[in-house]
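In case you want the letters, here they are:
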Amino acid sequence: MLHSDLTKLLQDVVTLKASDLHLISRSKPLIRLDGKLEPVNEPELASKDIEEMCFPVISDKQKKHFEENYELDFSFELKNVVRFRANYYHALGEMCAAFRPIPIAIPSLDDIGAPAIYKKLIRREKGIILVTGPTGSGKSTTLAAMLNEINEHEQKHIITVEDPVEFVHINKKSVFSHREVGSDTASFATALKYAMREDPDIILVGEMRDKETIAAALTAAETGHLVFATLHTNSAPSTINRIIDVFTGEEQPQVRSMLSSSLVAVISQSLLPKIGGGRIAVSEIMTMNHAIANLIREEKVHQIYSQMQLGQEETGMQTQTQILISLIKQKIISKDIALQFSNKQDELLKLMPGGFY
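From a predicted model like this one, the values you see are computed outputs, not experimental measurements.

**Student:** For this particular structure, what's the right way to read the layout of surface pockets?
**Tutor:** The probe, sized like a water molecule, is rolled over the atoms to show the empty space still left. The computed volume of the second largest pocket comes to approximately 340 Å³. Contributing to the lining of the second largest pocket are Ser59, Lys61, Gln62, His65, Leu72, Asp73, Phe74, Asp163, Glu180, Val181, Gly182 and Ser183. Elements that contribute at least two residues to the lining of the second largest pocket include exactly α3 (60-69) and β4 (71-78). Looking at the lining of the second largest pocket residue by residue, the class counts come to three nonpolar, five polar and four charged.

Here is the structure:
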């Protein structure tokens, strides 16, 4: 049963459409609105207050895990209104907590304004699609919308492996097996190993954290499955390099070969504050073609960005700079925000309409 104070705070998060709630000792509760932390008009919290509010949410087993490991990731539902992903942790020996709302209603690709290429990408029978970006960039929402599109139109067995499970899909044309690390499986790598015996068509890997998970995901993509996964990288070249660098030098040629044949797309996403409030997703999209596959095999990943700028009407590719310039011209975002979030500031400054000032 939820503590009444925590229930009220979580309901405020939903009402205000905030993205996060933070409970930190010696601070008022904080919510994140449009990317900025704002204090809630409540008294400062002590560690004991946070314990009294947060321990009723978890089971005795979870409490024991938290007390032994000082960290706990989990998810729960609030009165059939919204799910929350939660993390309990310690700071200077005192308990803290962070909560992020996850809508129960799964958004469609149209709802999130996804580029048209997404509906083509998810029709692939095999390969790996990577959605990357920093924490809080909307990766989980984008992936949920992609799986929802498949669920609406195709008869597939979809296995998700997450820590914790976030969006819970209702079976429509497809059937879902949601697996949570820690309660349903020991690890991402273990779940992927045994997934091959569970007759999946599609596998979602919540996060490719280590070498074993990355290797298992690439193998699954090579052996006839469509794999979705996330990484905390900010561009296609950095994503590809991150994957390759996890492996030893003698293993890297094989990994390059696997990537060149199985990678379908890299979507690098960020959420930017809009003028007047709210946020908008900005996605840089790289889709695989022969030229990019050759660059991966030949250790010329740094040349991929140039390839992404060619023949975009046919490939569906787009760069972050292009989208930022378009949003500035439409007066959706400010020049300051565009520059703050840009991965290529020099390029952006050269193309910025009317200059920066």
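**Student:** Would you explain the pairing of strand β13 (residues 279-287) in this entry?
**Tutor:** Put simply, side chains in a regular strand alternate between the two faces of the sheet. Note that strand β12 (residues 263-273) and β13 share nine bridges and pair antiparallel. Note on β13: the bridge partner recorded for Val266 is Met286. The antiparallel pairing of β12 with β13 creates a hairpin that spans five residues between the two strands, and Gly276 there sits at a positive phi of about 90°.

**Student:** For this particular structure, what's the right way to read the sheet that holds β12?
**Tutor:** Within a sheet, neighbouring strands are paired by backbone hydrogen bonds and run either parallel or antiparallel to one another. Strand order in the open sheet made by the seven strands is β9-β8-β10-β11-β7-β12-β13, with mixed pairing throughout. Both outer strands of the open sheet, β9 (175-180) and β13, are each paired with one neighbouring strand and no more. Averaged over all adjacent pairs, the angle separating strand axes in this sheet is 15°, with direction ignored. Direction of pairing for strand β7 (residues 127-132) relative to strand β11 (residues 226-231): parallel, over a ladder of six bridges. Paired with Val131 across the strands is Thr230, a residue of β11.

**Student:** What is the right way to look at the packing of helix α8 (residues 236-245) against helix α9 (residues 252-262) in this model?
**Tutor:** Between two packed helices, what matters for the description is the angle formed by their axes and the separation of those axes. Between α8 and α9, whose axes approach to 9 Å, the crossing angle comes to 140°. Comparing the axis directions of α8 and α9 gives the class oblique. Crossing of α8 against α9: the hand is right-handed. Taking contact as the criterion, the partners of Ile240, Ile243, Ile244 and Asp245 in α8 are, on α9, Gln252, Val255, Arg256 and Leu259. Across the contact of α8 with α9, the residue classes break down as five nonpolar, one polar and two charged.

**Student:** Explanation requested: the pattern of salt bridges in the structure shown.
**Tutor:** As a working rule, side chains carrying opposite charge can pair if their charged atoms are close by. Applying the stated criterion across every chain yields a total of 15 salt bridges. The partner of Lys119 in a salt bridge is Asp110, and the shortest N-O contact between them spans 3.2 Å. The class for Lys119 is partly exposed, based on a relative accessible area of 26%. For Asp110, a relative accessible area of 59% corresponds to the exposed category. Among the salt bridges present, the one from Glu299 reaches Arg256, with a minimum N-O distance of 3.9 Å. Of this pair, Glu299 sits in the loop between α10 (290-297) and α11 (304-308) while Arg256 sits in helix α9, and the two are 43 residues apart along the sequence. For Glu299, a relative accessible area of 56% puts it in the exposed group. Sharing partners across several salt bridges, the network here consists of Lys8, Asp12 and Glu42.

What counts, and where the lines are drawn
Within any chain, residue numbers begin from 1 and follow the written order of that chain's sequence. Confidence filtering applies because this is a predicted model: local features only for residues at pLDDT of at least 70, side-chain atom pairs given and counted only at 80 or more, and all residues used for totals across whole chains, interfaces and linings. Side-chain measures here rest on the full set of heavy atoms in the structure, leaving out hydrogens and waters. Cavities and pockets were defined on a 1 Å grid built from protein atoms only: a cavity is a group of points that admits a 1.4 Å probe but offers it no way out, a pocket is an open group of points flanked by protein on both sides within 12 Å along at least five of seven lines, and a lining residue is one with an atom within 4 Å of any such point. Grid points are joined across faces, edges and corners, and a volume is the space filled by probe spheres set on the points. The way it works is that DSSP assigns letters per residue, a run of H or I at least four long becomes a helix, a run of E at least two long becomes a strand, and they are numbered from the N terminus. Only Asp, Glu, Lys and Arg are considered charged in this grouping, and only Ala, Val, Leu, Ile, Met, Phe, Trp, Tyr, Cys and Pro are considered nonpolar; every other residue, Gly among them, is considered polar. Only strands that DSSP links by at least two bridges are regarded as paired with each other. For helices, the fitted line uses only the C-alpha atoms of the stretch in contact; every axis is such a line through C-alpha atoms, and the angle between N-to-C directions lies from 0 to 180 degrees. Oblique is the label for any angle not under 35 degrees, not over 145, and not in the 65 to 115 range, which are roughly parallel, roughly antiparallel and roughly perpendicular in turn. Helix crossings get a hand from a simple test, with the near helix turned counterclockwise from the far one by less than a right angle marking a left-handed crossing and a clockwise turn marking a right-handed one. The contact definition used throughout considers only heavy atoms, calling two residues in contact when any of these lie within 4.5 Å. For salt bridges, the criterion is a side-chain nitrogen of Lys or Arg within 4 Å of an Asp or Glu carboxyl oxygen. Accessibility here uses a 1.4 Å probe with only protein chains present; expressed as a share of the type maximum, an area under 20% marks a residue as buried, one over 50% as exposed, and anything in between as partly exposed.

Everything listed is a geometric property; what it means functionally is a separate question.
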